[in-house]
Amino acid sequence: MKVAIFAFEGVGHLNPQLALATKFLEKGHDVRFYLLSEKMEADIKKLPFDALDVHVTPECMKNASPVEYEDQDESDRKVNDLIICMLGAAWYSLPGELKDLKKFGADLILYDPFVVSAPIAAYVLNIPCVSTVTVPSVNHYTALAGRNGEEEYRLALEEIQESSTMQRFASLLKEKYNFDVLDKFIMLNNYLKTGLNICTGIKDFEPAMPEAVKEKYGDIDEKSVYVGPMLLTKEQGRVSSNPQANPEANRQSIDAPFPSEDLQKYKEQGKTIVYVSFGTVATNPHFWNYNPSPTKMFGAKSSGKVFCQAMWQRIFEAFGKNDKYVVVMATVAEDPDALKGFEIPANFIVR
C-alpha cells in the first residue's frame, strides 16, 4: 500500500503522524510526506526507512500569507491569519500535489485537519482519507476558539464566510475542483464526511458538537475513533523542538536538557512532581508580542507575553517555597527577557 501523509508543520501535529508512518513502513508499505515548506523535511527524513519519501511544495505558504493587519480588508481583519493562509496554501499547492499523488499511486491519504488541500485531493482522486486530530477532541474547533454559545459560534463562521480573501480562494477552488470548501468544511477542522477521523485525545474531553457545526458535519463525531497518544521515542525519531524557532535567539540556562534524572531522585524522596507546560503557541515569537485583535488570536485578549507572565506569577505564588512540590515549568519562550523581574522559587525547574 502507498500512504500519502499531509503534515502541518508543528511538533504536536507531526509527532503522531511520524508514529503512524513508522508503523506503516515497518509493515512494508511506502510512505510519502507532503509538506507546505522545507521546515520539517530534515526531521522526517531522519526516520530510518528506504520506503520513505518527502514531497515539498515550496513557497506556497509564503504566497498565501496575508498582508499586515493594517493593510487588510475590514472583512479579513475578523479572521485569523492562519485560517486565511491555509486556504490560500491549498490553492497554490493542489496542482503539484495532485500530479504527484497520481504519480505516486496513493492508496490512502492521512492528513492533519489544519491542511485544506488533503481532503480536497482525496475527494478529487476518490482516495480514502483519515485525519489525525491532535486537539483535545474531534469537537474542539480551533476556528471557534474564544467564542461562547451558538450565537457567537455562528458569528465566527459568518465572519469566515464573509472574508473577501476567503471568498476569493474558495471561489477559485470551486471553479477548478468543483468543491465548495466554505460549504463543506469548518476551517482548521477540515473533516471529509466520507473519511475517518482519529484523535489522540480522550473521548471524555469531548464537548457536544455545536449546532452550527452539526449543520455541516452531522454525526461525524460519533463515527470518529479515539486512539490516545501516538509518540515515538527520541531514538526512534520523535521531534522535540520546532525548527521555526529563531535560530539567532540567545541560549539561556533554561535551554539546558530536560532534568529527567533529577526528577526521578525527587520522586524517590516522596516529592510531588508538578509539570506545567505553556506549549508552542502563546510562547511562539509570532504571538509573544502580537495583539492586534482577539479575532486574529483565536479569541485571546492579550499577547502571549502578557498571558504567560501573569500565569507564571500565579504559579510561583501557588507552589513556590513549598517543599512538598517540585515544579517543572516548560516551554517558557525564546525571549531572553521573558523571566526578567521574576524571582524563581528554589523548588522550580524552568525550561
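The structure under discussion appears in the preceding block.
Calculation criteria
- Residues numbered from 1 in each chain as written.
- Predicted model: local features only at pLDDT ≥ 70, side-chain atom pairs only at ≥ 80, totals over all residues.
- Heavy atoms only, no water.
- Helix = DSSP H or I, 4+ residues; strand = E, 2+ residues; numbered from the N terminus.
- Rg over C-alpha atoms; globule rule 2.2 N^0.38 Å.
- Buried < 20%, exposed > 50% of the residue type's maximum accessible area, 1.4 Å probe, protein only.
- Contact = heavy atoms within 4.5 Å.
- Areas by Shrake-Rupley, 256 points an atom, 1.4 Å probe, with all protein chains shown as cover.
- Lys, Arg positive; Asp, Glu negative; His and termini not counted.
- Charge placed at Lys NZ, Arg CZ, Asp CG, Glu CD.
- Core = buried A, V, L, I, M, F, W, Y, C linked by side-chain atoms within 4.5 Å.
- Pairing = 2+ DSSP bridges.
- Salt bridge = Lys/Arg side-chain N within 4 Å of Asp/Glu carboxyl O.
- Phe/Tyr/Trp six-rings, centres within 6.5 Å; stacked < 30°, edge-to-face > 60°.
- Lys NZ or Arg CZ within 6 Å of the ring centre and 35° of its normal.

A. Region of interest: the overall build of the protein chain. Secondary structure assignment for the protein chain yields 12 helices and 10 strands. Its C-alpha atoms give the protein chain a radius of gyration of 21 Å, within 12% of the compact-globule value 20 Å for 351 residues. Across its three principal directions, the C-alpha atoms of the protein chain cover 65 × 50 × 40 Å. Within the span of the protein chain, comprising 351 residues, buried residues form 50% of the whole. In the protein chain, of all internal contacts separated by at least 6 residues, the share reaching a separation of at least 24 is 70%. Per element, the accessible surface of the protein chain, about 17,700 Å² overall, is 50% carbon and sulfur. Averaging the coordinates of the 38 positive side-chain charges in the protein chain and doing the same for the 48 negative ones gives two points 3 Å apart.

B. Representation of the nonpolar core in the model. Among the nonpolar cores identified, the biggest contains 61 residues, and F6, I109, V116, I120, V181, F185 and Y217 are the most heavily contacted of them. In terms of residue count, the dominant contributor to this core is helix 4 (residues 81-104) (11 residues). Each residue touching V116, except ones within four places of it in the same chain, is listed here: M86, L87, A90, V181, F185, M187 and N190. Counting 26 residues, the second largest nonpolar core, distinct from the first, contains L18, F24, L47 and I198.

C. Structural detail: the pairing of strand 5 (residues 129-133). Counting buried residues along strand 5, 5 of its 5 residues qualify, which places the element largely inside the surrounding structure. The alternating pattern of strand 5 places C129, S131 and V133 and V130 and T132 on opposite faces, both of which are buried. The pairing of strand 4 (residues 108-111) with strand 5 spans 3 bridges and is classified as parallel. The residue bridging L110 from the neighbouring strand is V130, located in strand 5.

D. The pattern of salt bridges, seen in detail. Scanning all chains against the criterion turns up 12 salt bridges. Measuring nitrogen to oxygen at the nearest pair gives 2.9 Å for the salt bridge that ties E41 to K45. In this pair, E41 and K45 both sit in helix 2 (residues 41-45), 4 residues apart, roughly one turn of the helix. Ionic pairing is found between E159 and R147, a salt bridge with its closest N-O pair at 2.8 Å. Here R147 lies in the loop between strand 5 and helix 6 (149-162) and E159 lies in helix 6, a separation of 12 residues in the sequence. We note that E159, like R147, is buried. It is possible to trace a salt-bridge network through shared partners that takes in R32, D53 and D100.

E. The arrangement of the packing of aromatic side chains in detail. Considering all chains together, one arrives at 14 aromatic pairs under this definition. An aromatic cluster is built from F278, W288, W312, F316, F342 and F348, whose rings are joined through pairwise contacts. Of note, R77 hangs over the ring of Y69, and the distance from its end group to the ring centre comes to 4.8 Å. A cation over a ring is seen here: K184 above F179, with NZ or CZ 5.8 Å from the ring centre.

F. Quick peek at the environment of E152. As for its position among the elements, E152 is in helix 6. E152 has contacts with G146 and R147, leaving out every residue within four places of it along the chain.

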